[in-house]
Amino acid sequence: VLMQENIQKETAYKDAQLKALLLQINPHFIYNTLDMFAGKLTLDGEFETADYICDFAQMIRYNTMTSTELPLEKELEHVVNYVNLEKCRYGDSVELRIHVPEELRQIIIPRFLLQPIVENSFEHGFTGMAPEEKRQIIITARKMGDRMVLRVRDNGRGMSPEFLKKVIDPFVTTRTTRKVGMGIPLFKEASEECGGSFTIQSAL
């Protein structure tokens, strides 16, 4: 019985290894192929399109990493690649400004901490803006005691004071918040006048 159990455990372990290998092969094939397309476009003089494909390939590479925590610098690079893709749609109306001191760029943070917030600026904050209107996103980081404060701001339409209260009210449950489509109300600030901002505090 013990030998049979050991054989089953070994078989399950080998199957898990194979599945993990297959999950690595497919993404590698995708972004290597995208790199090949970008190279071909560059040779043909399609430099702008080649840059967009390179940005997309880098995003896929980042998405398929196994690490759940990375230096802030890597997350900022991921944000830049994402915003570059949005420029494909909005052109020069998009402006990304990053103000992060060098000494904070190597701080380890959870992966996908900033990019989804920036994506929400495009999905919600900039909705209804004219094509030629400036879409501005500003990311800042500063040290405050033993904490690092990250802030993402945009000049989008913001929220009404009434709707904002529903989002940040500490007595509103996560379930209720999800019903109004805002996710978890964490350090959220916004107004009609100045667009919106999202502030995150984490221990250094």
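Please refer to the structure placed before this passage.
Source: prediction; values computed, not measured.

**Examining the overall build of the protein**
Helix and strand content of the protein: six helices and seven strands. When the helices and strands of the protein are read in sequence order from the N terminus, they spell out α-α-β-α-β-β-α-β-β-α-α-β-β. Here the analysis covers contacts within the protein between residues at least 6 apart in sequence; of these, 68% occur between residues at least 24 apart. For the protein, the exposed area adds up to about 13,200 Å²; of that, 57% sits on carbon and sulfur atoms.

**Looking at helix 2 (residues 47–63)**
In this model helix 2 runs 24 Å from its N-terminal to its C-terminal C-alpha over 17 residues, within 8% of the 24 Å that 1.5 Å per residue would give. If you check which residues of helix 2 are buried, you get Ala50, Tyr52, Ile53, Asp55, Ala57, Met59, Ile60 and Tyr62.

**Description of the environment of Glu102**
Among the secondary structure elements, Glu102 is positioned in the loop between strand 2 (94–99) and strand 3 (108–110). The class of Glu102 is exposed, set by a relative accessible area of 62%. Put simply, Glu102 and Glu73 are 29 residues apart on the chain and 9.0 Å apart in space, counted from C-alpha to C-alpha.

**Some details on the pattern of salt bridges**
A side chain with one charge may pair with a side chain of the opposite charge, provided their charged atoms come close. Throughout the structure, instances matching the rule amount to five salt bridges. One connected set of salt bridges, linked through shared partners, spans Glu73, Glu102 and Arg105.

**Details of the environment of Cys54**
Assignment of secondary structure puts Cys54 in helix 2. Residue class for Cys54 comes out partly exposed when judged on its relative accessible area of 32%. On a C-alpha basis, the gap between Cys54 and Phe37 in space is 9.0 Å, while along the polypeptide they are 17 residues apart.

**As for the pairing of strand 5 (residues 147–154)**
Bridging between strand 4 (residues 135–144) and strand 5 involves eight bridges; their strand directions are antiparallel. The residue of strand 5 that forms the bridge with Ile138 is Arg153. Where strand 4 folds back onto strand 5 in an antiparallel hairpin, the turn is made up of two residues, including Gly145, whose phi is positive at roughly 65°.

**As for the packing of helix 3 (residues 72–90) against helix 4 (residues 115–125)**
Packing of helix 3 against helix 4 leaves a shortest axis separation of 9 Å and a crossing angle of 20°. The angle between the axes of helix 3 and helix 4 places the two elements in the roughly parallel class. Crossing geometry of helix 3 relative to helix 4 is assigned as right-handed. Side by side, helix 3 and helix 4 meet where Glu75, His78, Val79, Tyr82, Val83, Glu86 and Tyr90 of the first sit next to Gln115, Val118, Glu119 and Phe122 of the second. Among the residues forming the contact of helix 3 with helix 4, the class breakdown is six nonpolar, two polar and three charged.

**With respect to the nonpolar core**
Core analysis: the largest hydrophobic core is formed by 22 residues, its most contacted members being Leu72, Leu114, Val118, Phe122 and Ile139. Where this core is concerned, the elements lending two or more residues are helix 3, helix 4, strand 4 and strand 5. Not counting residues up to four positions away in its chain, the partners in contact with Leu114 are Leu72, Glu75, Leu76, Val79, Ile139, Leu150 and Val152. Core analysis: the next-biggest nonpolar cluster, separate from the first, contains seven residues, Leu34, Ala38, Ala50 and Ala57 among them.

What counts, and at which threshold
Residues numbered from 1 in each chain as written. Predicted model: local features only at pLDDT ≥ 70, side-chain atom pairs only at ≥ 80, totals over all residues. Heavy atoms only, no water. Helix = DSSP H or I, 4+ residues; strand = E, 2+ residues; numbered from the N terminus. Contact = heavy atoms within 4.5 Å. Areas by Shrake-Rupley, 256 points an atom, 1.4 Å probe, with all protein chains shown as cover. Expected span 1.5 Å × (residues − 1). Buried < 20%, exposed > 50% of the residue type's maximum accessible area, 1.4 Å probe, protein only. Salt bridge = Lys/Arg side-chain N within 4 Å of Asp/Glu carboxyl O. Pairing = 2+ DSSP bridges. Axes fitted to C-alpha atoms, helices over the stretch in contact; angles between N-to-C directions. Parallel < 35°, antiparallel > 145°, perpendicular 65-115°, else oblique. Left-handed = near helix turned anticlockwise from the far one by under 90°. Nonpolar A, V, L, I, M, F, W, Y, C, P; charged D, E, K, R; others polar. Core = buried A, V, L, I, M, F, W, Y, C linked by side-chain atoms within 4.5 Å.

Note that all results are geometric; they support no functional claim without further evidence.
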